[in-house]
Amino acid sequence: MAETKRKINWLKFISGLVLLGGAILFFASGYSPPGVCGEVLRHNQAYDIDASPLIYSEVENMAELEAGVQKLRIEARIRAELESEKQ
Amino acid sequence: MSNSISSLWKDEDWWAIWFGFIIIIGALAGFLPKIPKVGKWSDNPIDAFLVIKDGVTTGNLIVPLLLLMVGLAILTSVGVAVMKKEKVGKYLAGFLVIFILSCIAYWVANQTNIKYWGLSYAMWALLIGLLISNTIGTPGWLKAGAKTELFIKTGLVLLGAEILFSKIVSLGIPGLMVAWIVTPIVVIFMYIFAMRYLKMKNKHLAIIIASATSVCGVSAAIAAAAASCAKKEDLTLGVGMTLIFTVLMMFFMPLFIQFIGMNDILGAAWMGGTIDSTGAVVAAGSMLGPDAEKVAAVVKMIQNVLIGFLAFFVALYWVTCVDRDPNCKPNAMEIWYRFPKFVLGFLGASLLFSFVVVPAMHGNFELVENKYLNPITEVFRSWFFCLAFMAIGLESNFKELAERMEGGKPMILYVVGQTFNLILTLFVAWLAFMVLFPNAI
């Protein structure tokens, strides 16, 4: 009885392993869903965007993004000042 | 008093602080080298274990990874031996296998196409662990190495070093409004909704889902789980839900924003405040254009800083309201005694880097990041989290997970909470970026 249970458990394990392996192969294959559903994925592939970081410090180009925001803020301030001068 | 002093070497929370600060001080003093991590790969799986510079292989990562495994085994086994919770030999055997399994999880997660999907090491580690525990079962010797609490808390103390308070002003008042006003409201709303309306029995799961939905997904879920002393199965469910919904939101939110013709900056702030993980926020923001990508990422970054406050207040609420004796009001000593100390380690590391290390480097955060965080503390933190998720998977079983679903209440909580989050964040982002500060960006 115990031997049969053990065999069933191993069978479950191997089936699970095949499923997990299949999932890994599917995601690693570069497949993207057709139409709008896969648009973001295709964009990530085209621009090599890593969507997996859990927190900001894991994003490779975070410093660049932060610096970019500072630049945007400065530009916005200058734009606002120029507009108020015009008025 | 002797009890509280002995907790310094008997309590896992204190050991997490010791380990975290040994690593932080080692990094700051220059004693620690660059810590290895499994590399990225595209077509050839072996590339993950090679050092490749400009297309030329200059070495391999096998030996450094083995040294890291031995180093972590020695470091953590000191704590295990002193706490006397496990025989060191048994712990070491289990730890070594868990480390190897964690390498496999990292190896899968680091495939470039898998990274594009936003599927992180946390998910693969959980799946591998769950597969083993729910089929052949996790043997006792392997469970002995699964020191989930110790791994999570050490990882959280190290995470504190990455959470810098100076970041909160990166986008001025509009950024603060989106990230810091909405988030606490959503956490409180979701928790009250879970308790009063859904009548969820599992308070731990409710706070984990509320934190993951409103702050920053997996990292917030880990912090809330550790601060509320939740069971591993609660964290598994919370993390599973947030991982699935993050991918869905990353796929569909930018398309919806484009479809209705919403302003890119407003859309970016909206996604930054609502999509759970930072990587998915960057990917979704990038769909709207380079400026939107920057704004979305920075809004999320400001929100990330809330993790420390979240952990502190959840821990305080649990000690003073949830886990207390209903017949007596806890005094300050009692609160201190039961307060999860690793939260103080987390806040200490955050304060150290925010107000000592970065100012000592003349405010040059990039230098701090390149010298201490990226090569050392962040890598250690990721390893501890990966080990923790593997350990959680190895100790969770589907039967208990199913029991915790309470007829789908956690799912209802997530959907209702996220809907509320989406509406409130959109309103506050519109108010901040379009009405009150239209020239902010």
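Look up a bit, the structure's there.
As a starting point, this report considers the structure included with it. From a predicted model like this one, the values you see are computed outputs, not experimental measurements. (Residues numbered from 1 in each chain as written. Chains lettered and ligands numbered in written order. Predicted model: local features only at pLDDT ≥ 70, side-chain atom pairs only at ≥ 80, totals over all residues. Heavy atoms only, no water.)

1. Examining the overall build of chain B
Secondary structure summary: chain B contains 21 helices and two strands in total. Against the compact-globule benchmark of 22 Å for 441 residues, chain B has a radius of gyration of 22 Å, which places it among compact chains. Once the C-alpha set of chain B is aligned to its principal axes, its extents read approximately 70 × 60 × 50 Å. Classification of the 441 residues of chain B by burial places 61% in the buried group. Total accessible area computed for chain B in this model is approximately 17,000 Å², and 68% of it derives from carbon and sulfur atoms. Of the charged side chains in chain B, 31 are positive and 25 negative, and the gap between their average positions amounts to 7 Å. (Helix = DSSP H or I, 4+ residues; strand = E, 2+ residues; numbered from the N terminus. Rg over C-alpha atoms; globule rule 2.2 N^0.38 Å. Buried < 20%, exposed > 50% of the residue type's maximum accessible area, 1.4 Å probe, protein only. Areas by Shrake-Rupley, 256 points an atom, 1.4 Å probe, with all protein chains shown as cover. Lys, Arg positive; Asp, Glu negative; His and termini not counted. Charge placed at Lys NZ, Arg CZ, Asp CG, Glu CD.)

2. So, the pattern of salt bridges
This structure, assessed with the given rule, holds twelve salt bridges over all chains. The closest approach of N and O atoms between E60 of chain A and K40 of chain B, which form a salt bridge, is 3.1 Å. Residue E60 of chain A is located in the loop between α2 (39–47) and α3 (62–86), and its partner K40 of chain B is located in the loop between α2 (12–28) and β1 (50–53); the two belong to separate chains. What makes E60 of chain A exposed here is its relative accessible area of 68%. The salt bridge partner of E86 of chain B is K147 of chain B, with a shortest N-O separation of 3.3 Å. You can see E86 of chain B sitting in the loop between α3 (62–83) and α4 (88–109) and its partner K147 of chain B sitting in the loop between α7 (140–143) and α8 (148–162), a full 61 residues away along the chain. (Salt bridge = Lys/Arg side-chain N within 4 Å of Asp/Glu carboxyl O.)

3. Re the interface of chain A and chain B
Taken together, the contact pairs 50 residues of chain A with 64 residues of chain B. Surface buried jointly by chain A and chain B totals about 5,000 Å² across both partners, of which 68% is contributed by carbon and sulfur atoms. Of all residues in chain A, the largest losses of buried area upon contact with chain B belong to F27, L54 and Y56 of chain A, amounting jointly to 16% of the total for that side. Our enumeration of links across chain A and chain B arrives at 21 residue pairs in polar contact (both at pLDDT 80 or more). Residue assignment for the side of chain A that touches chain B shows that the elements contributing at least two residues are α1 (2–28), α2 and α3 of chain A. At 13 residues, α3 of chain A tops the list of elements feeding residues into the side of chain A that touches chain B. Residues belonging to the side of chain A that touches chain B are distributed by class as follows: 28 nonpolar, twelve polar and ten charged. (Contact = heavy atoms within 4.5 Å. Buried area = accessible area lost by both parts, 1.4 Å probe. Polar contact = N/O pair within 3.5 Å; in protein donor to acceptor, adjacent residues only side chain to side chain. Nonpolar A, V, L, I, M, F, W, Y, C, P; charged D, E, K, R; others polar.)

4. Describing unusual backbone geometry
A positive phi is found at D48 of chain A, a non-glycine position, where the angle reads about 50°. Looking at the secondary structure, you find D48 of chain A in the loop between α2 and α3.

5. Section: the pairing of β1 of chain B
Within a regular strand, side chains alternate between the sheet's two faces. Residue and element names in this part refer to chain B. Relative to strand β2 (residues 56–60), β1 runs antiparallel, the two sharing four bridges. Each residue of the ladder has a partner; that of L50, found in β2, is N60. Remark: two residues form the turn of the hairpin made by β1 and β2, two consecutive strands paired antiparallel; D54 in that turn has positive phi of roughly 50°. (Pairing = 2+ DSSP bridges.)

6. Observations regarding the packing of helix α9 (residues 172–197) of chain B against helix α21 (residues 409–436) of chain B
Residues and elements named next belong to chain B. Two numbers describe how α9 lies on α21: the axes approach to 9 Å, and their chain directions differ by 155°. Compared by their axis directions, α9 and α21 come out roughly antiparallel. By crossing handedness, the relation of α9 to α21 is classed as right-handed. (Axes fitted to C-alpha atoms, helices over the stretch in contact; angles between N-to-C directions. Parallel < 35°, antiparallel > 145°, perpendicular 65-115°, else oblique. Left-handed = near helix turned anticlockwise from the far one by under 90°.)

7. Considerations on a nonpolar patch on the surface
Residues and elements named next belong to chain B. A grouping of I5, W9, V70, I74, V78 and V82 is seen on the molecular surface, where their side chains present a nonpolar patch of about 510 Å² in accessible area. For the nonpolar patch, the secondary-structure elements that each account for two or more residues are α1 (2–10) and α3. Here the nonpolar patch takes four residues from α3, the largest share from any one element. Positionally, V82 belongs in helix α3. We classify V82 as partly exposed; its relative accessible area is 33%. (Patch = residues over 30% accessible without salt bridge, like charges linked within 9 Å, V, L, I, M, F, W, Y side chains within 5 Å.)

8. What to know about the side chain of E58 of chain A
Of note, E58 of chain A is situated in the loop between α2 and α3. What E58 of chain A contacts, discounting residues up to four positions off in sequence, is P53 of chain A together with Y121, E378, R381 and S382 of chain B.

9. Side note on the nonpolar core
Residues and elements named next belong to chain B. W124 and L156 are the most contacted members of the largest nonpolar core, which totals 192 residues. It is helix α19 (residues 365–395) that provides the largest number of residues to this core, a total of 18 residues. Apart from the residues within four sequence positions on either side, L156 is in contact with I222, A223, A226, F342, F346 and F385. (Core = buried A, V, L, I, M, F, W, Y, C linked by side-chain atoms within 4.5 Å.)

10. A look at the environment of V215 of chain B
Residue and element names in this part refer to chain B. Tracing the sequence through the fold places V215 in the loop between α10 (203–214) and α11 (218–227). The exposure class of V215 is buried, given its relative accessible area of 2%. Sequence-distant contacts of V215, that is, excluding residues within four places in its chain, are made with T183, A220, D276, K300, Q303, L306, I307 and L310.

11. Section: the environment of K341 of chain B
Residues and elements named next belong to chain B. In this structure, K341 sits in the loop between α17 (332–338) and α18 (342–360). Residue class for K341 comes out buried when judged on its relative accessible area of 5%. Of note is the side chain of K341, whose polar atom sits 3.1 Å from the backbone oxygen of Y337. Side-chain polar atoms of K341 contact the backbone oxygen of F339, separated by 2.9 Å.

12. So, the side chain of S52 of chain A
With respect to the secondary-structure elements, S52 of chain A resides in the loop between α2 and α3. The class of S52 of chain A is buried, set by a relative accessible area of 9%. In this structure the side chain of S52 of chain A is engaged in a polar contact, spanning 2.7 Å, whose partner is the side chain of D50 of chain A. Setting aside residues up to four positions removed in sequence, S52 of chain A forms contacts with K115, G118, L119, S120 and G279 of chain B.

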